[in-house]
Amino acid sequence: MVEYYWPQREETTLIGKPVDRLDGLEKATGTAKYTYDVNLKDQLIAKALGCPHGHCRIKSIDTAAAEATPGVVHIELLREPGSEIEWEGELIAVVAADSEGAAVEGRSKIDVQYETLEVFTNDEDLEAAKEAGRTTRGGGKAETQREPGEEDDEDEFIEDEIKRLFGEAAHVIEGYYGIDAITHCCLEPHGSTVHWDNGRLIAYLSTQNVSGTDDGFARDLNLTADDVDVICEYIGGGFGSKFAADYWGIAAARISKQTGRPVKFMLDRDQELKLGGNRPSGYIKVKLGADENGVVQIWDSEHWGTGGANGGGVSHGVIPYVLSPPNYRRLATNIKVNAAQARAWRAPNHPQACAMSQTAYDDLAAQMGADSYDIFMRNLGSAQGAKPEVYAEEMKIAARLMDWKAKWHAHGKGPRDGSVVEGLGMALHTWGGTANNSSCQLKIYPDGSVQSFCGTQDLGTGTRTVCAQVVADTLGLSLDQVQVNIGRSTYPNSGASGGSTTVGGVSESHRRAAQDALMKLFDQVAGALEADAGDLEAVDGRIRIKGSPESSLSWKEACSRLGLKPLEVTASYQRGSGSPLSSSGVGGVQMAHVTVDTETGVVKMRKFVAVQDMGLIVNPKTAKSQIYGAAIMGIAYALFEQRKLDPATGAFVNAEMADYKLPRLGDTGQIIVELYEPDSERERGVIGLGEPPVISPGAAISNAVCNALGVRVPVLPLTPKRVLDALQQAGRV
Amino acid sequence: MKSFEFAAPRTEAELLRLLSPIPGHTEVLAGGTDLVGLMKKMVVTPERVVNLMEVPSMRGITIRPDGAISIGATTALDEVLEHPYLASYSALLDALRGINSMQLQAQGTLGGEICQRPQCWFFRSGQGLLADRAGLVSQGQNEMQAILDNAGPAKFVSGSRTAPAIAVLNAEVRVIGPGEADEQWLPVAALFRTPRKEGERETVLLPNQVVTHIVLPPVGNLGSATYEVRQSEGPDYPLASAAAALRLEGGRVREARVTLGMVAPRPYASQEAKRALLGKSVSEETAVAAGLAAIRDAKPLAHNGYKVQLAKVAVKRAILEAASRAASSQPAVVA
């Protein structure tokens, strides 16, 4: 039985080192083939017709003119006359043609008659939604330190207790905050190129779930998963929206089967925004009470929002966020609007919960005339997720990197430069990041070459590189002596990349496989070295006796003793099984420094600091990249991104890159990333990093804008319109 | 996109012969940064695309005997930006710099920039320019729509970022067609109109007329500036903009032009702002007053009231910068 462990910090050769990503050159030069780049001989291009109405019923579909379009080969209806459509963009029919031009022209000739129905889009107006019968209960919970007596009615007791606590509070804040629905806006839209080979489906799919989507195809096409080969070497963004084959992927497979030709079916840009995934909105009314030191004792909130046509919204389970006072009551209401259903978006629920909670804590600081940093620090006693001391240490580091104390001024009391004011804000976040299931097959060949096989995927975060670091470090080899194979469903099963579970999963499976293989290799060569297998170690490309490095074999010599067949092992990790290699629960702190032009409402990022814990860091370089990306993504939803639904028609009017605003490099300001890895956290093992750093930017930036203006701009994104509207309401324009 | 015929004339006469008098049958192609996207979305579906880029007479920057600068319509934006003849035409340079994209500046042309179609999501989703005929805009998501000259069914905002600057610099455009011998010179402001009837476009050009040149008179001691309110540092269109050109004598404004962009279906020349400036010395107060005058007739829709404030500030800031340049009579320092 091999005992799995990570080497100490000072004993590693590659683990914990800032290794360049292995596929960086391929990506930078365009030789990396993404799904969108896959073109097969004789392929058909499929384009789908989207419904132009937010809510309607299909009366009739006439495809005659489309079929007659030169180049059009096949038309498949995805919806039938009589179907009710509940959001704009839903795909009605697919046209497959010899060229993209023919497919688009054919699509334009499909004649669909609709009966339009009433639309509802206003997810911010709870009363309007109730009146329209568009609300459902989203759950709630109340906790008080004092327990009701046996005789008490629980609801009445809580009502009275809350009243009492607010009565005792030295400071009471009543606030309104919110965050609009946004989309995933993957640079590479959802889609696939598929073909059939002797009854087997080969699917080049843009997916976060290589090992899991073969099942999805198989189920809908009456196959077994073994009949499906899903391939994804590179992906142009997923963020939680690409876990399934989707009905358009299944349609591509069906059309390919019927026509006998490969089919390439990628969503158009507007379809990507309308259908490819979105994040629920959230709006909250909060009342909180704090003692004379600003330590919050009672939280009372109601929030609402939409996850789309089927309702859903931000879970009440993460309200209030991280800082969770001893007494609280929270209530959630979900609203159904005419928009496509939400999908998981990087750290589901957390960014919204953070933006709806930690803004209220900052308003408490503003009302007290206190430094926000001090108020957050004083409330760490109630911190959830990570240990309070982790947040506290990270706050100190972040404050130093931001030069917080020197820059701080009370809310709205900073210096003005003409019409421009500046401010600071901060927020805290947590995430689980438990390792996902993962299996790795490792082969050591008699010629000394090493290959690993794992059905995971690299979302662009450096998974391929991390796998190679773990295997090579464990075997005492260099990176170029190891070949990592991922991105195919025929490889050993590995979990979907969602919820920051990949780095833990693949580190587990690859470390285990490499340790297992090494022990077997030691068994084979122990005799030649006249030693026990247990006394051997693999260092610098040699197998040697611990303590007597002069007695050694080169890696190649050692492997030549394997005989004719490669040494093969497969090792697995099951999610939730205890392991010294991985763990869960991280904390992070972020701070923002902004300027606001009070005449135009334009907010500019000056500086952004992110301090992040993630247990043992396999690759600090790709980890930092991950956090830079998260900071930019956070700046995007804090200042720019917004799904705009037309109240009259339900149309998603800004579903194009020209209108769906994203920051450019010039908009991000300076971003400072600090990895927090003291021994106390490193010894917990590997923990996922994907989600956590994208959680805090909304609250941190909102707080910075509030600190600058002395006025809360309640709802994200903080566009010029929103800033000016808030200033006007405060009588400041 | 729909299949189309591609024509590449070498002369203006050849070009005019290739254009159809029927609206929508032919489209002219310059840099293609706008037209190609519209064709892919099938918002425009020409039978024939006529490429202007191989007509040599339409390209390049020359100086005329009277000192005026003639810019061929297919001259690339970055060429305009870097040309020594144009170093004093500050309002135009401000607008070109604001595009913030090397790609658009290298590929886009000045004629194309002026004649680009509106950045209006109703228009670009196929609802046409008069999307409000059925109340679609008034009742719809109208936060990017017009606040001035918006009483009719056209509520989009003019797409050109350089037209306000070119207008205050008193430029004229040369238009040819429909006949091979037809040629006219129009002040830039007269090129644009707010469409009222079906079939009207946002310029007065007939389907078989083309802008070939933009001619800027000598700048003299005119000070000019464009101020765009941009949310981002990227190539996004501004939320509101204003160009101002001022000539000062003895510290007082003797000549003034102020044109707003992104607020009306055409570049919006403000006579009110001009009147507020003439005869005055320029200070923060006069600039603020001119800004207020410029938006006096604004009629915001349900969701675009903020644009009134932005237009007012843009006018103020453009005037202050133009005045400072007029006072020094120095060209703007190119950043």
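Here the structure is a predicted model, which means the values were calculated and not measured.

A.B. asks: Help me out: how do you make sense of the overall build of chain B in this one?
C.D. replies: Counting its regular elements, chain B contains 12 helices and 12 strands. Radius of gyration (C-alpha) of chain B: 19 Å, near the 20 Å computed for a compact globule of 335 residues. Each principal axis of the C-alpha distribution contributes one length, and for chain B these read about 60 × 55 × 35 Å. Taking all 335 residues of chain B together, the buried fraction comes to 59%. Taking as baseline every contact in chain B between residues at least 6 positions apart, the subset at least 24 positions apart corresponds to 66%. Averaging the positions of the 35 positive and the 33 negative side-chain charges in chain B gives two centres separated by 5 Å.

A.B. asks: Explanation requested: the domain arrangement of chain A in the structure shown.
C.D. replies: How big an interface is tends to be stated in terms of accessible area lost as the parts join. Residue and element names in this part refer to chain A. One can read the domain layout of chain A as domain 1 (35-117 + 190-266), domain 2 (278-433 + 583-729) and domain 3 (435-573). If you average the C-alpha positions of domain 2 and of domain 3, the two centres end up 41 Å apart. Listed as interface residues are 14 residues of domain 2 and, on the opposing side, 13 residues of domain 3. A combined buried area of about 880 Å² lies between domain 2 and domain 3, and 55% of that area is made up of carbon and sulfur atoms. Considering only the side of domain 2, the residues that lose the most area to domain 3 are V618, T622 and V686, jointly responsible for 44% of the buried surface there. Across the domain 2-domain 3 interface, the total number found is zero salt bridges. Linking domain 2 with domain 3 are six residue pairs in polar contact (both at pLDDT 80 or more), by the criterion used here. Its residues assigned to classes, the side of domain 2 that touches domain 3 shows six nonpolar, seven polar and one charged.

A.B. asks: What is the right way to read the interface of chain B and chain A from this model?
C.D. replies: In this assembly, 29 residues from chain B lie in contact with 35 residues from chain A. Around 2,700 Å² of area is buried between chain B and chain A when both sides are counted, 56% of it from carbon and sulfur atoms. When the buried surface of chain B facing chain A is broken down by residue, W121, Q231 and E233 of chain B rank first, second and third, together holding 24% of it. Taken together, chain B and chain A are joined by eight salt bridges.

A.B. asks: Even after reading the chapter, I still don't get the nonpolar core, so can you show me in this structure?
C.D. replies: Soluble, globular proteins show a tendency: their nonpolar side chains are buried together. Residues and elements named next belong to chain A. Within the largest apolar cluster, 111 residues are counted, with the highest numbers of intra-cluster contacts made by L428 and I701. Residue contributions to this core peak at nine residues, all from helix α16 (residues 620-639). L428 has contacts with Y321, V322, L323, C354, Q358, F376, L380, Y391, M395, G588, V589 and S696, leaving out every residue within four places of it along the chain.

A.B. asks: Would you take a moment to explain the pairing of strand β12 (residues 228-231) of chain A for this structure?
C.D. replies: For a regular strand, the rule is simple: side chains alternate between the two faces of the sheet. Residue and element names in this part refer to chain A. Residue alternation in β12 divides its side chains into two sets, V228 and V230 and D229 and I231, and both sets are buried. Of the pairings in the sheet, the one linking strand β11 (residues 200-205) to β12 comprises four bridges and is parallel in character. Bridge assignment links A203 to a residue of β12, and that residue is V230. Where the polypeptide runs from β11 across helix α6 (residues 210-221) and back to β12, its parallel neighbour, the crossover connection is right-handed.

A.B. asks: Is there a simple way to think about the packing of helix α9 (residues 350-368) of chain A against helix α18 (residues 697-709) of chain A in this case?
C.D. replies: A pair of packed helices is captured by two measures, namely the crossing angle of their axes and the spacing between those axes. All names here are of chain A. Where α9 contacts α18, the two axes come as close as 8 Å, and the packing angle between them is 35°. Both α9 and α18 take part in a crossing whose hand is right-handed. In this structure, α9 uses C354, A355, Q358, T359, D362 and D363 to contact α18, whose residues at the interface are A699, S702, N703 and C706. When the residues that make up the contact of α9 with α18 are grouped by side-chain class, the tally is four nonpolar, four polar and two charged.

A.B. asks: Even after reading the chapter, I still don't get the environment of S357 of chain A, so can you show me in this structure?
C.D. replies: All names here are of chain A. Its place among the elements puts S357 in helix α9. Overall, the relative accessible area of 0% leaves S357 in the buried class. Separated by 55 residues in the primary sequence, S357 and G412 have C-alpha atoms spaced 21 Å apart. Contact partners of S357, with chain neighbours within four places excluded, come to W299, I319, P320 and Y321.

A.B. asks: What is the right way to read the packing of aromatic side chains from this model?
C.D. replies: The geometry of an aromatic ring pair is captured by the separation of the ring centres together with the interplanar angle, meaning the angle of the planes. Residues and elements named next belong to chain A. Tallied over the full model, the rule gives nine aromatic pairs over all chains. Judged by centre distance (5.5 Å) and plane angle (65°), the ring pair of F453 and Y491 falls under edge-to-face. Note that F453 is positioned in strand β21 (residues 450-454) and Y491 in the loop between β22 (482-486) and α14 (502-525), a separation of 38 residues in sequence. When its relative accessible area of 13% is taken as the criterion, F453 is described as buried. These aromatic residues form a ring-pair network of at least three members: W299, Y361 and F376. The lysine or arginine in question, R279, covers the ring of W345, its NZ or CZ lying 4.3 Å from the ring centre.

A.B. asks: So what exactly am I meant to see when it comes to the pattern of salt bridges here?
C.D. replies: Pairing is possible between side chains of opposite charge, provided their charged atoms come close. In this structure the tally under the stated criterion is 71 salt bridges over all chains. K405 of chain A serves as the salt-bridge partner of D374 of chain A, at 3.3 Å between the closest nitrogen and oxygen. Taken together, the residues span a long stretch of sequence, with D374 of chain A in helix α10 (residues 372-378) and K405 of chain A in helix α12 (residues 404-407) at a distance of 31 residues. With a relative accessible area of 26%, D374 of chain A lands in the partly exposed category. With relative accessibility at 47%, the residue K405 of chain A sits in the partly exposed group. Via salt bridges that share partners, D597 and E599 of chain A together with E284, K316 and R317 of chain B belong to a single interconnected network.

A.B. asks: I would appreciate a short explanation of unusual backbone geometry in the present structure.
C.D. replies: Peptide bonds are trans in most cases, and residues, glycine excluded, mostly fall at negative phi. Residue and element names in this part refer to chain A. Cis geometry is adopted by the peptide bond preceding P320, which originates at I319 and carries an omega value of -15°. On the secondary structure map, P320 appears in the loop between β16 (296-308) and β17 (327-336). Put simply, L716 and P717 share a cis peptide bond, and its omega is 0°. By the secondary structure assignment, P717 is in the loop between β30 (715-716) and α19 (720-729). Even without being glycine, D246 reaches a positive phi, approximately 65°. Assignment of secondary structure puts D246 in helix α7 (residues 246-259). In this structure D246 comes out as buried when scored by relative accessible area, which is 13%. Positioned with a positive phi, V322 is a non-glycine residue whose angle comes to about 60°.

A.B. asks: Any chance you could explain the sheet that holds strand β3 (residues 48-51) of chain B here in plain terms?
C.D. replies: Sheet strands line up and pair through hydrogen bonds in the backbone, either parallel or antiparallel. Residue and element names in this part refer to chain B. The parallel open sheet is built from three strands, whose spatial order is β1-β3-β2. Strands with a single pairing partner mark the edges of an open sheet, and in this sheet they are β1 (5-7) and β2 (26-29). Recorded for the sheet is a direction-independent mean angle of 25° between the axes of neighbouring strands.

A.B. asks: What should I look at first to understand the side chain of R269 of chain A in this one?
C.D. replies: Topologically, R269 of chain A is positioned in helix α8 (residues 269-275). Other than its neighbours up to four places away in sequence, R269 of chain A contacts C185, C186, L187, P189, A655, E656 and M657 of chain A.

A.B. asks: Is there a simple way to explain the sheet that holds strand β5 (residues 69-72) of chain B in this structure?
C.D. replies: Residues and elements named next belong to chain B. Pairing is antiparallel in the open sheet, where five strands are placed in the order β4-β5-β8-β6-β7. One side of each edge strand has no neighbouring strand; the edge strands of this open sheet are β4 (61-63) and β7 (183-187). In this sheet, adjacent strand axes meet at a mean angle of 25° when their direction is disregarded. As paired elements, β4 and β5 share three bridges and run antiparallel to each other. Directly across from I63, in β5, lies its bridge partner I69.

A.B. asks: What exactly am I supposed to notice about the confidence of the model for chain B here?
C.D. replies: For residues with low pLDDT, the predicted coordinates do not support detailed interpretation. Residue and element names in this part refer to chain B. Scored by pLDDT, chain B has a mean of 96; 98% of the residues are at 70 or more. Per-residue pLDDT stays below 50 along residues 330-335; that stretch engages in eight contacts with residues further than four places along the chain or on separate chains. At the level of chain-chain contacts, confidence expressed as ipTM amounts to 0.96, with global pTM at 0.97.

Parameters at a glance
In this numbering scheme, every chain counts its residues from 1 along its sequence in written order. Chains and ligands are labelled by the order in which they are written, letters from A for the one and numbers from 1 for the other. In keeping with the predicted nature of the model, local features appear solely for residues at pLDDT of at least 70, side-chain atom pairs appear and are counted solely at 80 or more, and the whole-chain, interface and lining totals rest on all residues. Side-chain calculation: all heavy atoms of the structure are included, whereas hydrogens and water are not. The helix and strand labels rest on DSSP assignments: H or I over at least four residues marks a helix, E over at least two residues marks a strand, and numbering proceeds from the N terminus. Computation of the radius of gyration draws on C-alpha atoms alone. For the globule rule, the value is 2.2 Å times the number of residues to the power 0.38. Each residue is placed in one exposure class: buried if its accessible area under a 1.4 Å probe, protein chains only, is under 20% of its type's maximum, exposed if it is over 50%, and partly exposed if it falls in between. Every residue pair with non-hydrogen atoms within 4.5 Å of one another is taken to be in contact. Charged residues are defined narrowly, with Lys and Arg counted positive, Asp and Glu counted negative, and His plus the chain ends left uncounted. Charged side chains are reduced to one point each, which is NZ for Lys, CZ for Arg, CG for Asp and CD for Glu. An automatic or database domain assignment provides the domain bounds reported here. Defined here as a combined quantity, buried area equals the accessible surface (1.4 Å probe) lost by two parts on assembly, summed across both. Any carboxyl oxygen of Asp or Glu within 4 Å of a side-chain nitrogen of Lys or Arg constitutes a salt bridge here. Nitrogen and oxygen atoms within 3.5 Å of one another constitute a polar contact, given that in protein one can donate a hydrogen and the other can accept it, and given that sequence-neighbouring residues count only through two side-chain atoms. Under the scheme applied here, ten amino acids are nonpolar (Ala, Val, Leu, Ile, Met, Phe, Trp, Tyr, Cys and Pro), four are charged (Asp, Glu, Lys and Arg), and all others, including Gly, are polar. Nonpolar core, defined: a set of buried Ala, Val, Leu, Ile, Met, Phe, Trp, Tyr and Cys residues in which side-chain atoms within 4.5 Å join the residues together. Only strands joined by at least two bridges in the DSSP assignment are considered to pair. Crossover handedness is defined here as right-handed if the route from the first strand over the helix to the second strand goes clockwise, with the strands pointing away from the viewer. Axis angles are defined between N-to-C directions and span 0 to 180 degrees, where every axis is a line fitted to C-alpha atoms and, for a helix, only to the segment in contact. A clockwise turn of the near helix away from the far one marks a right-handed crossing, whereas an anticlockwise turn of less than a right angle marks a left-handed crossing. Within 6.5 Å between ring centres, the rings of Phe, Tyr and Trp (the latter by its six-membered ring) count as paired, and their orientation is classed by plane angle as stacked under 30 degrees, edge-to-face over 60, tilted in between. Either the NZ atom of lysine or the CZ atom of arginine qualifies as a charge over a ring when it sits within 6 Å of the ring centre and within 35 degrees of the ring normal. Every residue carries a pLDDT, the predictor's confidence in it, which falls somewhere between 0 and 100.

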